[in-house]
Amino acid sequence: MLTRRPIEDPHRAGWHVYFGDVRVGHISMRAGVPTHLPQWGWSCGFYPGCEPGQQIAGSAETFEEARAAFEQAWSKLASIRTEQHFEEWRRDRDWTAWKYRMWEKGCRMPTQNTNGRSRCFCGAEITIACEEHIHTVHRGIGS
């Protein structure tokens, strides 16, 4: 089931579209287009998890038309996605959030030390091969 969450940008009216916890696109007002052109835009797809060319986008006169077009595009895309594609997106989301938290807390990445070791912001000792730590201990950090 698709759900929408408002885009938190005062200069951009619209919504991020989610399938469960995976952001699969957006529907929003287009910026910088002449007033005689369709004012609503949409984009359906997510990376990682979709191959180049699988993402679909378009424009519409109204929000209702954009939503209907998005849902039609999602129906096609969802039919060729598996749980593995969604998990790939989640792992990337969590790794990226973990990386930024490490930087925010002033922690060094293992790759920044000559011995390939460091300490996570949670206190655990980590090595360059720290993906399993991120995806078990910090699962959902990017939600």
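Please read all numbers here as calculations on a predicted model, not as lab measurements.

Here we look at the overall build of the protein chain
Thinking step 1. Looking only at helices and strands, one finds 3 helices and 7 strands in the protein chain.
Thinking step 2. Each helix and strand of the protein chain, ordered N terminal to C terminal, gives the series β-β-β-β-β-α-α-β-β-α.
Thinking step 3. What you see for the protein chain is a C-alpha radius of gyration of 19 Å, clearly larger than the 15 Å of a compact globule of 143 residues, by over 25%.
Thinking step 4. Per-residue burial over the protein chain gives 35% buried out of 143 residues.

Thoughts on the pattern of salt bridges
Thinking step 1. Tallying each qualifying case throughout the model produces 9 salt bridges.
Thinking step 2. The salt bridge partner of aspartate 21 is arginine 93, with a shortest N-O separation of 3.4 Å. Highlighted residues: aspartate 21 in the loop between β2 (14-19) and β3 (22-29) and arginine 93 in helix α2 (residues 83-104), separated in sequence by 72 residues.
Thinking step 3. On the basis of relative accessibility, which here comes to 29%, the residue aspartate 21 falls in the partly exposed class.
Thinking step 4. Accessibility expressed as a relative area gives 12% for arginine 93, which makes it buried.
Thinking step 5. Where arginine 67 meets glutamate 71, a salt bridge forms, and the shortest distance between an N and an O atom there is 4.0 Å. With a gap of 4 residues between them, arginine 67 and glutamate 71 both fall in helix α1 (residues 63-78), about one helical turn apart.
Thinking step 6. On the basis of relative accessibility, which here comes to 31%, the residue arginine 67 falls in the partly exposed class.
Thinking step 7. On the basis of relative accessible area, glutamate 71 is assigned to the partly exposed category, the value being 39%.
Thinking step 8. Among the charged side chains, a salt-bridge network with shared partners connects Asp21, Glu83, Glu87, Arg90, Arg93, Asp94 and Arg139.

Notes on the confidence of the model for the protein chain
Thinking step 1. With 100% of its residues at a pLDDT of at least 70, the protein chain reaches an overall mean of 96.
Thinking step 2. By mean pLDDT, helix α3 (residues 131-137) is the weakest element of the protein chain at 95, and strand β4 (residues 40-44) is the strongest at 98.

With respect to the packing of aromatic side chains
Remark: the centre distance and the inter-plane angle together describe each pair of aromatic rings, the angle taken between the planes.
Thinking step 1. The tally for this structure, following the rule as stated, stands at 10 aromatic pairs.
Thinking step 2. Seen in terms of ring centroids, tryptophan 40 and phenylalanine 63 are 5.4 Å apart; in terms of plane orientation they differ by 65°. Their pairing is edge-to-face. On the criterion of sequence distance, the pair formed by tryptophan 40 in strand β4 and phenylalanine 63 in helix α1 is long-range, its members being 23 residues apart. Each of the two residues, tryptophan 40 as well as phenylalanine 63, counts as buried.
Thinking step 3. Summarising the aromatic geometry, the rings of tryptophan 42 and phenylalanine 70 are spaced 6.4 Å apart at their centres and angled 85° between planes, so their arrangement reads as edge-to-face. Of this pair, tryptophan 42 sits in strand β4 while phenylalanine 70 sits in helix α1; the two residues are 28 residues apart in sequence, bridging distant segments of the chain.
Thinking step 4. One aromatic cluster is present, formed by Phe19, Phe46, Trp74 and Phe86 through successive ring pairs.

Quick look at the layout of surface pockets
Thinking step 1. For the largest pocket, the calculated volume is near 400 Å³.
Thinking step 2. Considering the residues around the largest pocket, the lining is formed by 19 residues, among which His16, Tyr18, Arg23, Val24 and Trp89 are closest to the centre.
Thinking step 3. For the lining of the largest pocket, the secondary structure elements donating two or more residues are β1 (2-6), β2, β3 and α2.
Thinking step 4. When residues in the lining of the largest pocket are grouped by element, the largest group, 4 residues, is from β3.
Thinking step 5. Counted by class, the lining of the largest pocket contains 7 nonpolar, 6 polar and 6 charged residues.

About the criteria used
- Residues numbered from 1 in each chain as written.
- Predicted model: local features only at pLDDT ≥ 70, side-chain atom pairs only at ≥ 80, totals over all residues.
- Heavy atoms only, no water.
- Helix = DSSP H or I, 4+ residues; strand = E, 2+ residues; numbered from the N terminus.
- Rg over C-alpha atoms; globule rule 2.2 N^0.38 Å.
- Buried < 20%, exposed > 50% of the residue type's maximum accessible area, 1.4 Å probe, protein only.
- Salt bridge = Lys/Arg side-chain N within 4 Å of Asp/Glu carboxyl O.
- pLDDT = per-residue confidence, 0-100.
- Phe/Tyr/Trp six-rings, centres within 6.5 Å; stacked < 30°, edge-to-face > 60°.
- 1 Å grid on protein atoms, 1.4 Å probe; cavity = no way out; pocket = protein on both sides within 12 Å on 5 of 7 lines; lining within 4 Å.
- Points joined across faces, edges and corners; volume = space filled by probe spheres on them.
- Nonpolar A, V, L, I, M, F, W, Y, C, P; charged D, E, K, R; others polar.

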